[in-house]
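# Reading the structure
Listed here are the chains, written in short residue letters.
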Amino acid sequence: MGYKAQFRVWRGDDESGELRDYVIEVNEGEVVLDIIHRLQATQAPDLAVRWNCKAGKCGSCSAEINGKPRLMCMTRMSTFTEDEVITVTPMRTFPVVRDLVTDVSFNYTKAREVQSFTPPPDLKPGEYRMQQVDVERSQEFRKCIECFLCQNTCHVVRDHEENKEAFSGPRFLMRVAELEMHPLDTADRRDAAQDEHGLGYCNITKCCTEVCPEHIKITDNALIPMKERVAGKRYDPVVWLGNKLFRR
Ligand code: SF4
Ligand code: F3S
Ligand code: FES
């Protein structure tokens, strides 16, 4: 059965704006993105919203719904009561371009800073063999749809603009970890993780993992193992001595 929902949507840009109230029709089985599209079609034709797949796969429709970072296309209207005011705002960590659209170029900058996959130079096509356990580990991380909800949520940058320079965020620390744990990657990424990507800023609050729509265990399976590897290299006296001797 259809009903009228009360929506409060951010209208404006990075300089100024306001939350505007709308009453919009909702039909059975709809998601928040459907309602935003109806709002565009009927009352606010200039409302800016980014989306592509409406299937939770492109990572475009990230926003904050009642303050919670979510994909609009995967948030069912049935999770709210009919008399609830539903507030939709852009991701807070990134500059607002307009309305619900944010400038996520921070993430592309950070992606470019990760050294790419570095296989042994003499490895030929067809020789890329690895154990199933290693394949599965990579596969978990590669489910990432780059929605940047984890980047948006991590308090290191969400509350501290000044940390953006030094901290790559969970999505890209996960990429560093994925490559560091990859059996065919020859680069030693431990110093870069700490010094260039700011792994030390992460105090494993796990908020990134909680919002990941792909349910990737970012903290447990990528960040903590990466921290252990860095600690093993830097602070384990045996490893430290080994490194020293090796360098001589
Ligand atoms: Fe989105 Fe999860 Fe990828 Fe982060 S790790 S960008 S939350 S899919
Ligand atoms: Fe941030 Fe996730 Fe670490 S939320 S502090 S990157 S565990
Ligand atoms: Fe593609 Fe929502 S529109 S993830």
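To keep things clear, this report deals only with the structure shown in the data block. (Residues numbered from 1 in each chain as written. Chains lettered and ligands numbered in written order. Predicted model: local features only at pLDDT ≥ 70, side-chain atom pairs only at ≥ 80, totals over all residues. Heavy atoms only, no water.)

### What to know about unusual backbone geometry
- Positive phi, close to 50 degrees, is recorded for Asp99, a residue that is not glycine.
- Along the polypeptide, Asp99 turns up in the loop between β6 (96-98) and β7 (101-102).
- Although it is not a glycine, Ile204 sits at a positive phi angle of roughly 45 degrees.
- Along the polypeptide, Ile204 turns up in the loop between α7 (190-195) and α8 (207-211).
- For Ile204, a relative accessible area of 40% translates into the label partly exposed. (Helix = DSSP H or I, 4+ residues; strand = E, 2+ residues; numbered from the N terminus. Buried < 20%, exposed > 50% of the residue type's maximum accessible area, 1.4 Å probe, protein only.)

### Examining the sheet that holds strand β2 (residues 17-26)
- The strand order β2-β1-β5-β3-β4 describes an open sheet built from five strands, whose pairing is mixed. Bordering the open sheet on either side are β2 and β4 (68-71), each of which pairs with just one other strand. The average undirected angle you get between the axes of adjacent strands in this sheet is 35 degrees.
- Relative to strand β5 (residues 85-89), strand β1 (residues 3-12) runs parallel, the two sharing four bridges. Residue Phe7 lies in a different strand from β5, and its bridge partner there is Ile86.
- In the packing of helix α1 (residues 32-42) onto the sheet, contacts are made with β1, β2, β3 (62-65) and β5, and the angle to β2 comes to roughly 100 degrees. (Pairing = 2+ DSSP bridges. Axes fitted to C-alpha atoms, helices over the stretch in contact; angles between N-to-C directions. Contact = heavy atoms within 4.5 Å.)

### Some points on the site of ligand 2
- What surrounds ligand 2 is the set Cys154, His155, Pro170, Cys202, Asn203, Ile204, Thr205, Lys206, Cys207, Cys208, Thr219 and Leu223.
- The set of elements that each furnish at least two residues to the shell around ligand 2 consists of α8 and α9 (218-234).
- Here the residues of the shell around ligand 2 sort into seven nonpolar, four polar and one charged. (Near = heavy atom within 4 Å. Nonpolar A, V, L, I, M, F, W, Y, C, P; charged D, E, K, R; others polar.)

### So, the packing of aromatic side chains
- Inspection of every chain in the model, using the stated rule, returns five aromatic pairs.
- A ring pair is formed by Tyr108 and Phe148, whose centres lie 5.9 Å apart and whose planes are at 75 degrees; its orientation type is edge-to-face. Here Tyr108 is found in helix α2 (residues 105-112), whereas its partner Phe148 is found in the loop between α3 (132-141) and α4 (149-153), with 40 residues between them in sequence.
- Considering the side-chain rings of Phe167 and Tyr201, the 6.0 Å spacing of their centres and the 45 degrees angle between planes classify their relative orientation as tilted. With Phe167 in the loop between α5 (155-158) and α6 (170-180) and Tyr201 in the loop between α7 and α8, this residue pair connects regions lying 34 residues apart in the sequence.
- The partly exposed category is assigned to Tyr201, whose relative accessible area is 38%. (Phe/Tyr/Trp six-rings, centres within 6.5 Å; stacked < 30°, edge-to-face > 60°.)

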